[in-house]
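In case you want the letters, here they are:
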Amino acid sequence: MNAAPKLNEGPSTGQMAAIFRLARPHQWIKNALVLAALVFGQRLFVLHDVVLAVVAFVAFCALSSAGYVLNDIADREADRLNPEKCDRPLARGDLSVATATRAALTLGAIAIVLSIILGRTFLGIAVVYAALQFFYSMWAKHQVIVDIIAVAIGFVLRAFAGGVAINVEVSPWLVFITFVLALFLVLARRRHELIALGDDAIAHRSALSEYSVRLVDQMISIVAGAALVSYMIYTASAEVEAKLGTRHLYLTVPFVAFGILRYLYLIDERNEGGDPARALIHDRPLLLAVALWILTDIALLYF
C-alpha cells in the first residue's frame, strides 16, 4: 500500500537497484560483438584502437539498455503474465513508467555523446540501431518472421559499429556469420517461449500465435547448419588466409561446432534457450568453448 507514494520520491537505493536491473547488465555480453573487428582486424594490441573499441562497447551497452527499458515499458502488462519476466521492475511495480522513461533518456544521452566522440559514421549506425529498437518494440516483435530478422539485424549493426569505431573494414563473412548465428539464438528464444508459456504464449507476444515448436525446430536446424558451415568455409578461405596472415584458422572450428551443438542440447533437452546471455554465463562447457575459441583466435592471429 505504501509503494505508490515512494515512486514520487527522489531515487532511493531500492529504486537505483531496480533501474540497474531494468538496464539488464547481464545482456551487455552481446555487445562484445563490437570488439570483433578489434580482434579480427589485428588491432588488439594497438592502445588507441583498444580505447576506441571500449568506448564503442560502452556506447552500445547504454544504447541497448535504453532499448530494453523501452521494450519493458511497452511490455509491462504482458510481462506480468510471464512466469520468467514477471519479476522485472516495471512488471512488479518497483518503478513508475516516468522513472523508467527518464532512465531510458539518460542512457540514450550517454550513448549519443559517446557516439559523437567516435565520429559521424558511428553516430549514424547508433541512430539506425536506436530506430531499429523502437521499430521492434512498437511493431516488429508482433510480426511473424520479421521479429526474428529485426533482432538479427541489431547484432549485425553491432559488428559494423565495432569496425567503424577503429576504422577497420568489416568482412562480409563477419556480417553473414553474425546474422545467421543471431537468427539461431532468437529462434531458440522463441522456442523456449512457446514451451514455457504454453497456452499463454499468445497473450505475451501475438507473433507467437504464428509459430509452432515444430516450425521453429525446422528453422533452427537450417540456421544452425548455415552458421557452422559458413564459419568452416570462412576459416578455409584463401581470401581470409591472405588477409589475416594465417592458414590455421580452421583449428578453431571444433570450438564453434561444440558451442553450436551444446546450445542445441541446452535448448532441446533442458529448454534453456530463453536467455542466451544467461546460458553462456551459467553453462560451464559452453563458456569454456567460447573462451577457448577466443584464445585460439588470438594465438593464431597474433603469435
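Just above, that's the structure.
Structure report, in brief. From a predicted model like this one, the values you see are computed outputs, not experimental measurements. (Residues numbered from 1 in each chain as written. Predicted model: local features only at pLDDT ≥ 70, side-chain atom pairs only at ≥ 80, totals over all residues. Heavy atoms only, no water.)

Regarding helix H7 (residues 120-138)
Worth spelling out the cut-off: Working definition: helices are DSSP H or I runs of at least four residues, strands are E runs of at least two. Numbering for both runs from the N terminus. To estimate the expected span of a helix, subtract one from its residue number and multiply by 1.5 Å. Exposure classes here rest on a 1.4 Å probe applied to the protein chains alone. A residue is buried below 20% of its type maximum, exposed above 50%, and partly exposed in between. Directions are taken from the helix axis to each C-beta atom, and the arc is the one they span.
Counted at 1.5 Å a residue, the expected span for H7 with its 19 residues is 27 Å, and the 27 Å between its end C-alpha atoms agrees. Taken as a whole, H7 has its buried residues at Phe122, Ile125, Ala126, Tyr129, Leu132, Gln133, Tyr136 and Ser137. Seen from one end, H7 has its buried residues packed into an arc of 125 degrees, which puts them on one side. Of the exposed residues in H7, the ones pointing more than 90 degrees away from its buried face are Arg120 and Val127.

Quick look at unusual backbone geometry
The phi dihedral of Gln42 is positive, around 60 degrees, even though this residue is not glycine. With respect to the helices, strands and loops of the structure, Gln42 is situated in the loop between helix H3 (36-40) and helix H4 (47-79). Even without being a glycine, Ile145 presents a positive backbone phi close to 70 degrees. Classification of Ile145 by relative accessible area gives partly exposed; the value is 34%.

Overview of the layout of surface pockets
To keep things clear, this is the line we draw: For each structure, a 1 Å grid was placed over the protein atoms alone; sets of points admitting a 1.4 Å probe that cannot get out are labelled cavities, open sets with protein on both sides within 12 Å along at least five of seven lines are labelled pockets, and lining residues have an atom within 4 Å of a point. Grid points are joined across faces, edges and corners, and a volume is the space filled by probe spheres set on the points. Here the term charged refers only to Asp, Glu, Lys and Arg, the term nonpolar to Ala, Val, Leu, Ile, Met, Phe, Trp, Tyr, Cys and Pro, and the term polar to all other amino acids, Gly among them.
Space inside the largest pocket adds up to approximately 1500 Å³. Put simply, the parts of the chain that give the lining of the largest pocket at least two residues each are H3, helix H9 (172-197), helix H11 (213-236), helix H12 (238-244), helix H13 (253-269), helix H14 (276-282) and helix H15 (284-302). Within the lining of the largest pocket, the residues separate by chemical class into 40 nonpolar, five polar and five charged. Lining the second largest pocket are 26 residues, with His26, Glu84, Arg88, Asp275 and Arg278 sitting closest to its centre. In terms of residues, the lining of the second largest pocket owes the most to one element, H9, which gives five residues. A per-class count over the lining of the second largest pocket returns six nonpolar, seven polar and 13 charged.

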